[in-house]
Amino acid sequence: MEKFSTNLADFFVKNKVIEEEEYDICRYGLEIMLGSARDIILLMLLGMLFRRTLETGIYLAVFCSLRRYTGGYHAKTRRGCCTATLAGYLLFIMEIKMFASNIVLFDNTPVVMGIIYIICLGVIFCIAPIEHCNKPLTEMKKRKNRRGALEETLLLGGGIVFSYSNLSEVSFAILVALIEVALLIIIGRRENSRRKEACQADC
């Protein structure tokens, strides 16, 4: 993927699509974009393999959309990112099967789902957004992201309620995506705290 993005950036420079000064930014952007596209295609293929295509599509839409606002844990390398993405998706498949078969929730599925949703909403309200160490946020951007995250989470809550009776697999997929976003927020906050402590120790 890195070689392909480099070749594509070279092509853009040679054909004067971009300026030579923009080469590194373009190459990096292409690498990220192509890597994300590859991950999405891979997960959709896995969704077809697991016969969870609809749930996978909902999961990706909710997860990617909400993460724009919340931030959270990011792997240090591209390989680590791919591994974390795949692990998160396999966890999603396991959770979907557990929810759908009521192995854990038994007869109190709506109540337990409601409690889990409120916990996720609380995490997003109290902690998000989590800024990346290489991309700090201004106070205005933090407020904007927090508002966007809360608005989207409330809309998703409505989606869970309205889809539960007729399309329970959709409501389960939305909720599991929310759970994973909330977990990444918590892990991201711990990583940031650890990083700050290490910086203070070095000083």
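A short tour of the structure in this document, coming up.

Glancing now at the overall build of the protein chain. The helix and strand tally for the protein chain stands at seven helices and zero strands. Taken across its 203 residues, the protein chain has 35% of its residues classed as buried. Partitioning the contacts of the protein chain with sequence separation of at least 6, the portion at a separation of at least 24 is 72%. Roughly 12,900 Å² of accessible area belongs to the protein chain as shown, and the carbon and sulfur atoms make up 63% of that amount.

With respect to the helices, strands and loops of the structure, T153 is situated in helix α6 (residues 139–164). Residue class for T153 comes out buried when judged on its relative accessible area of 0%. Of note is the side chain of T153, whose polar atom sits 2.6 Å from the backbone oxygen of A149. Not counting the four nearest positions on each side in its chain, T153 is found in contact with L66, Y117, L121, I124 and L178.

Our next topic: the side chain of E180. Relative to the elements of secondary structure, E180 occurs in helix α7 (residues 168–202). In this structure E180 is buried but unpaired, with R67 as the nearest side chain of opposite charge at 9.0 Å. Within polar-contact distance, the side chain of E180 engages the side chain of Y59 at 2.8 Å. Excluding its chain neighbours within four sequence positions, the residues that come into contact with E180 are Y59, F63, G88, L91, F92 and E95.

Within the largest apolar cluster, 37 residues are counted, with the highest numbers of intra-cluster contacts made by F92, I124, L178 and I185. At the level of elements, α2 (23–49), α3 (53–70), α4 (78–101), α5 (109–127), α6 and α7 are the ones that each hand at least two residues to this core. Of the residues forming this core, the biggest block, 13 residues, is contributed by α7. The residues contacting F92, other than those within four sequence positions of it, are E55, T56, Y59, A173, V176 and E180.

Cut-offs used in this document
Residues numbered from 1 in each chain as written. Predicted model: local features only at pLDDT ≥ 70, side-chain atom pairs only at ≥ 80, totals over all residues. Heavy atoms only, no water. Helix = DSSP H or I, 4+ residues; strand = E, 2+ residues; numbered from the N terminus. Buried < 20%, exposed > 50% of the residue type's maximum accessible area, 1.4 Å probe, protein only. Contact = heavy atoms within 4.5 Å. Areas by Shrake-Rupley, 256 points an atom, 1.4 Å probe, with all protein chains shown as cover. Polar contact = N/O pair within 3.5 Å; in protein donor to acceptor, adjacent residues only side chain to side chain. Lys, Arg positive; Asp, Glu negative; His and termini not counted. Salt bridge = Lys/Arg side-chain N within 4 Å of Asp/Glu carboxyl O. Core = buried A, V, L, I, M, F, W, Y, C linked by side-chain atoms within 4.5 Å.

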